[in-house]
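Summary of the model geometry
If you want the building blocks of each chain, they are given just below.
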Amino acid sequence: MIRETRSVREYLFMALISAAVTYLLVPLVRRFAIRIGAMPEIRDRDVHTTPTPRLGGLAMYGGLVVGLLLADRLTHSSEALAGTGAQVVPALIIAGGLITFTGFLDDWWGMDAFIKLAGQVAAAGVLVFFGMRLTSIPLPEAWGGPTSVDYTLSTIITILVVVVTINAVNFVDGLDGLAAGIVCIAAMATWVYSIIISQKISGSNITATAAIVAVLIGTCLGFLPHNFHPAKIFMGDTGAMLIGLVLASSIVTVTPVDTTAIVDMNEFPVLVPLLIPAAVLVLPLIDLITAVIRRTSQGLSPFAPDRGHLHHRLMDIGHSHRRSVLIMYAWTFLFSFLVVGLSWVGVPVLMFPAVIVLALAVLVLMAMPRWRGRGGVHAATPDNPDDDGGPPTGPMPPILPEDPQVKRQAPPSGGASRERASAEGNPGIPVFPSRS
């Protein structure tokens, strides 16, 4: 009991340090992004109306590195990381650095989707090289029990899991604070699950998972104050791909669990290690799958951007920016923590489909514009206090029109940003006054 208490204190300390480092680095990164002109022009599918610096993922990478190095120095977390048989800290630092560099180039200059995909595969390959891979798949005893996989198949599955997770997180990154918040909630659910399982299993990857997601939680929490609406900076692909990579690494370490060791936790223990990763990624995966189907059915590339994401739909039916984000937070929290709770108390397998139906019903109710009454970003009035509480998303402090970084940006075509600002009940202040 004393050991578990000390371990939890270490996890909290790691999260706190990661959050503090990330939070303090963001203003420096923001100045750097403005200086090099990493503020793309407003696109038709964007929901913000003024140029906002990207590259926030650089600060997140700094917080991640410090948190991992700290974890490697603390007593219990270092033992857990060493006990996995993999070099977890160098794997995440090097793979994270590679994916951050890839995202940096994409946010600054733009990058072909297949080149970016190659960077994602390379980062996943780094994890495999340092021993972070799925070594077995948990299956029920009726199907032969936990099944080990050979190195080649293990490598393919691990890379697939990492790439899918990275793109799922990247796809959901469309509103201020959305990706960081959803990943943070998912990491919290994974952390709670790993703490529960560690009481049943010793000497496994579970405690290492707790250390990884503790650092991830801190990194996301440190970035959110700068990124919540109205955002001062965006994480960009630099940050979205990074936190997707770290979340995927936690899935890789948490999944190979001996189901016979947790048979008393649930009537169908195989669901526990398989459903937790699915639960924490269900919202980004739904968005990813529907986006791929939607685009390919229209004859477009799966990577072609559009305004058909879940968060776009929430705003289009009348929800404000903040309300749309909070709805998706609530749904992620409800689903992931309900699955964790059910796996802890032990329930029949039929309860899990019931949870899915309940979570979907709650999402539908929260997404209905009339269920919550009149309001939202398209109906905000001075008499309605339920508004975004801030101006359109934009940088702070204001960037002056004569700033050379702003002048280098092309004006939005067709005045789309001004029309959207007026539609949202905000003053249509032109981003480029000299050309209005």
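See the structure shown above.
Residues numbered from 1 in each chain as written. Predicted model: local features only at pLDDT ≥ 70, side-chain atom pairs only at ≥ 80, totals over all residues. Heavy atoms only, no water.

Concerning the overall build of the chain
Secondary structure assignment for the chain yields 15 helices and two strands. A total of 436 residues make up the chain; the buried ones form 54% of that total. Carbon together with sulfur atoms contributes 67% to the accessible area of the chain, which is approximately 18700 Å² in total. (Helix = DSSP H or I, 4+ residues; strand = E, 2+ residues; numbered from the N terminus. Buried < 20%, exposed > 50% of the residue type's maximum accessible area, 1.4 Å probe, protein only. Areas by Shrake-Rupley, 256 points an atom, 1.4 Å probe, with all protein chains shown as cover.)

As for the environment of Asp107
Note on placement: Asp107 falls in helix H4 (residues 88-108). Sequence separation of Asp107 and Arg54 is 53 residues, and the distance between their C-alpha atoms is 6.8 Å. Leave out the neighbours within four places in its chain, and Asp107 touches Arg54, Leu55, Met235, Gly236, Asp237 and Thr238. A polar contact is formed between the side chain of Asp107 and the backbone nitrogen of Asp237, at a distance of 3.1 Å. (Contact = heavy atoms within 4.5 Å. Polar contact = N/O pair within 3.5 Å; in protein donor to acceptor, adjacent residues only side chain to side chain.)

Digging into the packing of helix H5 (residues 113-129) against helix H9 (residues 236-254)
Put simply, H5 and H9 touch, their axes get as near as 12 Å, and they point 35° apart. When the axes of H5 and H9 are compared, the crossing they make is right-handed. Contact residues: Lys116, Gln120, Ala123 and Leu127 in H5; Asp237, Met241, Leu245 and Ser249 in H9. Looking at side-chain class alone, the contact of H5 with H9 contains four nonpolar, two polar and two charged residues. (Axes fitted to C-alpha atoms, helices over the stretch in contact; angles between N-to-C directions. Left-handed = near helix turned anticlockwise from the far one by under 90°. Nonpolar A, V, L, I, M, F, W, Y, C, P; charged D, E, K, R; others polar.)

A few points about the packing of aromatic side chains
Per the counting criterion, the structure on display carries seven aromatic pairs. Site record: aromatic cluster; members linked through ring pairs are Phe32, Phe104, Trp108 and Trp109. (Phe/Tyr/Trp six-rings, centres within 6.5 Å; stacked < 30°, edge-to-face > 60°.)

Here's the deal with the pattern of salt bridges
What the rule picks out here adds up to four salt bridges. Here Arg54 ties to Asp107 by a salt bridge, and the two come within 3.7 Å at their closest N and O atoms. Linking Arg54 in the loop between helix H1 (2-36) and helix H2 (57-71) with Asp107 in helix H4, this pair joins segments that are 53 residues apart in sequence. A salt bridge links Arg73 to Asp72; the shortest N-O distance between them is 3.5 Å. Put simply, Asp106, Lys116 and Asp237 are held in one network by salt bridges that share partners. (Salt bridge = Lys/Arg side-chain N within 4 Å of Asp/Glu carboxyl O.)

Looking at helix H7 (residues 178-198)
Taking 1.5 Å of rise per residue, 21 residues should cover 30 Å, and H7 covers 30 Å from first to last C-alpha, within 8% of that figure. Burial runs high along H7: 18 of the 21 residues are buried. (Expected span 1.5 Å × (residues − 1).)

As for the packing of H2 against H4
Where H2 meets H4, the axes come as close as 10 Å, and the angle between the chain directions of the two elements is 175°. One way to sum up the angle between H2 and H4 is to call them roughly antiparallel. Contact with H2, carried on its side by Gly57, Leu58, Tyr61, Val65, Leu68 and Leu69, involves Val89, Leu92, Ile93, Gly96, Gly97, Thr100 and Phe104 of H4 and no other residues of that element. (Parallel < 35°, antiparallel > 145°, perpendicular 65-115°, else oblique.)

Here's the deal with helix H8 (residues 206-227)
Over its 22 residues, H8 extends 31 Å from the first C-alpha to the last, a length consistent with the 32 Å expected when each residue adds 1.5 Å. The buried count for H8 comes to 19 of 22 residues, which makes it a mostly enclosed element.

Comments concerning unusual backbone geometry
The residue Leu55 is not glycine, and still its phi comes out positive at about 70°. Inspection of the secondary structure assignment puts Leu55 in the loop between H1 and H2. Judged by its relative accessible area of 0%, Leu55 is buried.

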